[in-house]
Amino acid sequence: MLNNQKRNIVLREKQKEAVDYITGNFQKFPLIEAPTGFGKTIVLLESAIKLQKMGYTVVISTPNNKLTIDAYKEAASFYPNLPISFAIGINNYIDVAKVYNCKNSGALEQYIDMDSFRVWEDNCDEKEDLLFDDFNEVIKYKDIAYQDLVKELICKTKREDESFPDNSIVFTNHFYLLSYGRSAKRENLKNIVLLVDEVHELETVAETIFQNSFSPFFLKSITGRLISELKESDKDFVGKKSMEKELNKTYAKISEEFSKIMSIRSTSMVGEFDLKNKELYLKSLNSINSEALKSLSARITKFLKKNSNISFRSKGIYHALLNETKELKGITESIKSGNDVNVLLSPSKGYPTYKSTKGRAATLLKNFLWDHIVGMAGVSATLNTTVNPQDEVNKKFAYGRIGLDYFAAPEIITFKREFPKENVKLITKPIKQYSMDYEAEEAGADSDLIRWASEIAEHIKKTYDNKNSMVIAGGFKEVEYIGRELESLNLKNIITAHPNEKTITTIKRFTNTGGILVGTRNYGTGISLDGEQLERLYIVKLPYPQVTAIKWIKLKEFSEPLFWINFNNEMIMQLRQFFGRLQRTKKDKGEIHLLDARGIKGEDKKYSKSIVSKVKHYMQEYGIFDEKRSSIVVKPRERYFSGEMNIDAEDLF
């Protein structure tokens with residue numbers, strides 16, 4: 001229940017300045033960098049109230065459902081009489097009837113651990129709206145690939161009439177916002193002013209939404225499940241025998257091709273895009289996308305129409321199969337159109353997923369959203385990537401990656417960090433990266449990786465002082481090796497991330513026991529551990545994006561100098577997010593250890609001295625260097641990458 005007693009908001013001077021700027025310049029689509037602790041939610045709410053009084057529908061978007069609902073509840077407690085609501089999509093809510101239909105029939109136990117289900121069941125209140133996100137935090141899946149299928153089985157059905165009420169303030173999340181922008185009628189967007197928290201994340205969300213993604217393993221699993229459903233059912237469905245025959249035929253074909261695909265994969269590329277065997281993957285894809293599969297889709301549609309007595313559970317699985325065949329169709333159309341298709345191997349078992357993007361995220365954001373709304377203001381703690389925020393390359397990068405460089409002359413309004421720098425010490429220790437020779441790794445030559453992980457572990461042992469620590473690595477393989485080396489040094493409470501365990505579950509284990517948490521790069525954003533929960537942060541690798549991702553491959557083909565500018569800027573943006581994990585409040589204290597030699601010494605020509613100077617500039621922004629304990633004495637430099645490469649800002653995108 002929300003408190004109907006109005007609470008008073010007293011804005012600080014800098015917050016007032018931000019609100020005035022947003023409400024006076026929203027039609028110029030401005031970006032604002034505001035540090036952790038600035039009070040971004042309050043600034044966006046106060047801006048929204050002014051804009052709503054001007055007659056606009058104001059949509060406040062946050063990165064996920066939890067942040068959306070928390071922000072909505074906070075706003076409603078401040079202003080109980082304002083027209084405030086939240087929209088995350090009806091298909092994010094659990095249908096209790098569907099849940100127990102699936103449980104009683106035994107379907108859920110096919111996909112999830114039922115002990116974890118009972119934990120969820122004991123802690124949920126069926127009188128309240130039940131979110132799939134809350135369910136997902138608790139549930140252990142027998143394979144992570146079943147997550148989407150379970151959501152299809154137990155959640156409410158998406159409605160076509162979901163929209164944002166006129167002349168109101170609506171809280172939403174980035175995924176729902178972009179999905180709505182993609183499907184909404186253009187006239188439904190014409191009165192909207194959008195206020196975006198963590199605006200830098202829009203690019204990643206757009207890449208996810210505006211792409212096709214097909215998993216042969218998932219298609220095989222749900223086809224097999226439907227065969228079992230029909231065999232076990234005692235109902236006399238219309239067309240049951242022919243449906244069963246069609247499913248068996250399809251399952252046999254998919255199983256055959258799935259075995260071939262699994263034999264193709266390069267084991268060293270698990271968790272990454274496998275470019276090495278790309279042509280073989282595409283050849284197998286053509287075999288799966290047969291006329292028989294098209295016929296099956298048509299037959300399922302007719303079968304569902306003729307049999308209204310099919311259970312909720314079975315309907316969900318049939319619809320999941322239809323959705324997967326649509327994704328497959330999108331992938332094959334991308335190939336025919338000349339769009340690039342790549343194959344990502346899952347981090348646990350190396351199951352392949354085919355992915356194709358329908359265009360640049362920036363262009364899609366412009367076409368589906370920016371061109372149709374009244375205005376926008378975006379806020380983030382990490383927009384700047386150069387020493388000078390008003391540098392043209394810096395502005396072009398921040399605006400260009402989300403498709404806003406087409407609008408009025410951009411500027412980034414920057415508010416300085418107010419946390420005490422003396423609370424954070426920064427230590428540098430250059431540890432050379434291991435070789436990325438995948439063929440050598442396949443042959444079992446992991447000695448270079450072991451050497452690297454051993455050096456990391458030795459440094460942590462010498463410096464962590466029994467404080468709660470987080471080690472941010474790259475992928476799961478690096479997490480495994482570092483964790484193993486730490487355990488060999490007899491350190492206690494080593495908690496390692498695992499591909500089949502959700503991040504929030506790993507974090508809960510860490511907060512319950514303390515110790516040393518070793519996580520992937522995903523642990524560098526969106527995690528808040530205050531006070532003694534986290535006092536040491538070890539960044540073992542600079543957070544460069546995955547070089548095998550489609551957009552980076554295409555950019556490098558177009559222009560290698562341009563590729564390196566954007567590639568390095570993306571890293572700087574993420575590195576600043578990593579730094580922010582340690583100090584969430586003014587009272588937080590601790591140490592940040594940067595261990596990647598590329599960002600300290602610039603040991604490779606690709607990582608020029610100017611990149612080193614940018615890394616050091618932002619390290620100095622977050623704390624004080626402990627020069628006695630650092631292997632490299634840090635001195636700031638004035639030059640940065642864009643100037644040395646002599647690239648014009650207009651060429652950035």
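Remember, it's a predicted structure, so these values are computed and weren't measured experimentally.

## Side note on the overall build of the protein
Inference 1: Each helix and strand in the protein was counted, giving 25 helices and 17 strands.
Inference 2: Taken over 653 residues, the protein has a buried fraction of 55%.
Inference 3: Within the protein, counting contacts between residues at least 6 apart in sequence, those at least 24 apart form 78% of the total.
Inference 4: With the model as given, the accessible surface of the protein reaches about 29,200 Å², and the carbon-plus-sulfur share is 47%.

## Some points on the side chain of Asp-197
Inference 1: You can see Asp-197 is positioned in strand S5 (residues 192-197).
Inference 2: Those residues in contact with Asp-197, other than ones at most four positions away along the chain, are Lys-40, Leu-44, Ser-61, Thr-62, Pro-63, His-174 and Val-379.

## Brief notes about the pattern of salt bridges
Inference 1: Throughout the structure, instances matching the rule amount to 26 salt bridges.
Inference 2: Among the salt bridges present, the one from Arg-401 reaches Glu-203, with a minimum N-O distance of 2.9 Å. Placement of the pair is Arg-401 in the loop between helix H16 (392-400) and strand S10 (412-414) and Glu-203 in helix H9 (residues 202-209), with a sequence separation of 198 residues. Of the two residues examined, Arg-401 and Glu-203, each falls in the buried class.
Inference 3: Salt-bridge contacts for Arg-225 lead to Glu-229; the nearest nitrogen and oxygen are separated by 2.8 Å. In this pair, Arg-225 and Glu-229 both sit in helix H10 (residues 216-232), four residues apart, roughly one turn of the helix. For the pair Arg-225 and Glu-229, one class covers both residues: buried.
Inference 4: Three or more residues are tied together by salt bridges with common partners; here these are Lys-253, Glu-256, Glu-257 and Lys-260.

## A closer look at the sheet that holds strand S6 (residues 211-214)
Inference 1: Taken in spatial order, the three strands line up as S6-S8-S7 in an open sheet, and their pairing is antiparallel. Both edges of this open sheet fall to S6 and strand S7 (341-345), since each of them pairs with a single strand only. Strand after strand, the sheet turns through a mean of 25° between neighbouring axes, direction not considered.
Inference 2: Here S6 runs beside strand S8 (residues 352-357); their pairing, made up of four bridges, is antiparallel. Bridged to Phe-214 within S8 is Tyr-354.

## Some thoughts on the sheet that holds strand S16 (residues 590-596)
Inference 1: Pairing in this open sheet of seven strands is parallel, and the strands run S13-S14-S12-S15-S16-S11-S17 from one edge to the other. Edge strands, defined here as strands with exactly one partner in the open sheet, are strand S13 (494-496) and strand S17 (624-625).
Inference 2: Examined bridge by bridge, strand S15 (residues 536-539) and S16 share four bridges and lie parallel to one another. Following the sheet pairing, Arg-536 is matched in S16 by Glu-591.

## Details of the packing of helix H1 (residues 13-25) against helix H2 (residues 40-53)
Inference 1: Two elements in contact, H1 and H2, have axes separated by 9 Å at closest approach and are oriented at 40°. In terms of orientation, H1 lies oblique with respect to H2. As H1 packs across H2, the resulting crossing turns out to be right-handed. Packed against H1, whose contacting residues are Gln-15, Ala-18, Val-19, Asp-20, Ile-22 and Thr-23, the element H2 presents Val-43, Leu-44, Glu-46, Ser-47, Lys-50 and Leu-51 at the interface.
Inference 2: Class assignment for the residues of the contact of H1 with H2 results in six nonpolar, three polar and three charged.

## Re unusual backbone geometry
Inference 1: The backbone of Asn-167 shows a phi angle near 50°, a positive value even though the residue is not glycine.
Inference 2: Along the polypeptide, Asn-167 turns up in the loop between helix H7 (147-154) and strand S4 (169-173).
Inference 3: In this structure, Asn-490 is a non-glycine residue whose phi angle is positive, near 65°.
Inference 4: Relative to the helices and strands, Asn-490 resides in the loop between helix H19 (476-488) and S13.
Inference 5: Residue Asn-490 is classed as exposed on the basis of its relative accessible area of 68%.

## Things to note about helix H4 (residues 96-105)
Inference 1: Taken together, the buried positions of H4 are occupied by Lys-98, Val-99 and Cys-102. Buried residues of H4, viewed axially, fall in a sector of 105°; they line one side.

## Re the confidence of the model for the protein
Inference 1: For the protein, the average pLDDT comes to 81, and 86% of its residues sit at 70 or higher.
Inference 2: Below a pLDDT of 50 lies the segment residues 1-5, which in the model reaches seven contacts outside its immediate sequence neighbourhood of four places, other chains included.

## Some points on the nonpolar core
Inference 1: Core analysis: the biggest nonpolar cluster contains 61 residues, and Trp-452, Ile-482, Leu-486 and Ile-516 have the highest contact counts within it.
Inference 2: With nine residues, the top contributor of residues to this core is helix H22 (residues 560-579).
Inference 3: Not counting chain neighbours up to four residues away, the residues in contact with Ile-482 comprise Trp-452, Ala-453, Ile-456, Val-471, Ala-473, Val-518 and Val-540.

## Brief notes about the packing of aromatic side chains
Two numbers describe a pair of aromatic rings. These are the distance of the centres and the angle of the planes.
Inference 1: Using the criterion set out here, one finds 19 aromatic pairs in the structure.
Inference 2: Taken together, the ring pairs in this structure connect Tyr-544, Trp-552, Phe-563, Trp-564 and Phe-567 into an aromatic cluster.
Inference 3: When the ring centre of Tyr-481 is taken as reference, the NZ or CZ atom of Arg-484 above it lies at 4.7 Å.

## Considering the environment of Ser-380
Inference 1: Mapped onto the secondary structure, Ser-380 falls in strand S9 (residues 375-380).
Inference 2: We classify Ser-380 as buried; its relative accessible area is 0%.
Inference 3: Ignoring any residue separated from it by four or fewer positions in sequence, one finds Ser-380 in contact with Ile-32, Glu-33, Ala-34, Glu-198, Val-199 and His-200.
Inference 4: Polar side-chain contacts of Ser-380 include one of 3.1 Å to the backbone nitrogen of Thr-382.

## Brief notes about the packing of H2 against helix H3 (residues 65-78)
Inference 1: Put simply, H2 and H3 touch, their axes get as near as 11 Å, and they point 60° apart. One way to sum up the angle between H2 and H3 is to call them oblique. In terms of crossing hand, the pair formed by H2 and H3 is right-handed. Contact residues: H2 offers Thr-41, Ile-42 and Leu-45, while H3 offers Ala-71, Glu-74, Ala-75 and Phe-78.
Inference 2: Residue composition of the contact of H2 with H3, grouped by class: five nonpolar, one polar and one charged.

## Details of the environment of Ser-297
Inference 1: Secondary-structure assignment places Ser-297 in helix H13 (residues 291-306).
Inference 2: Ser-297 gets classed as buried once you look at its relative accessible area, which sits at 14%.
Inference 3: A sequence separation of 26 residues divides Ser-297 from Asn-323, and the C-alpha atoms of the two residues are 9.6 Å apart.

## Focus: helix H8 (residues 174-183)
Inference 1: Those residues of H8 not exposed but buried are His-174, Tyr-176, Leu-177, Leu-178, Tyr-180 and Gly-181.
Inference 2: Turning to H8, the residues buried within the fold contact strand S2 (57-62), strand S3 (84-87), S4, S5, H9 and helix H15 (361-368).
Inference 3: Its side-chain oxygen at 3.0 Å from the backbone nitrogen of Phe-175, Asn-173 defines the N-terminal cap of H8.

Each value, and the rule that gives it
Residues numbered from 1 in each chain as written. Predicted model: local features only at pLDDT ≥ 70, side-chain atom pairs only at ≥ 80, totals over all residues. Heavy atoms only, no water. Helix = DSSP H or I, 4+ residues; strand = E, 2+ residues; numbered from the N terminus. Buried < 20%, exposed > 50% of the residue type's maximum accessible area, 1.4 Å probe, protein only. Contact = heavy atoms within 4.5 Å. Areas by Shrake-Rupley, 256 points an atom, 1.4 Å probe, with all protein chains shown as cover. Salt bridge = Lys/Arg side-chain N within 4 Å of Asp/Glu carboxyl O. Pairing = 2+ DSSP bridges. Axes fitted to C-alpha atoms, helices over the stretch in contact; angles between N-to-C directions. Parallel < 35°, antiparallel > 145°, perpendicular 65-115°, else oblique. Left-handed = near helix turned anticlockwise from the far one by under 90°. Nonpolar A, V, L, I, M, F, W, Y, C, P; charged D, E, K, R; others polar. Arc of directions from axis to C-beta. pLDDT = per-residue confidence, 0-100. Core = buried A, V, L, I, M, F, W, Y, C linked by side-chain atoms within 4.5 Å. Phe/Tyr/Trp six-rings, centres within 6.5 Å; stacked < 30°, edge-to-face > 60°. Lys NZ or Arg CZ within 6 Å of the ring centre and 35° of its normal. Polar contact = N/O pair within 3.5 Å; in protein donor to acceptor, adjacent residues only side chain to side chain.

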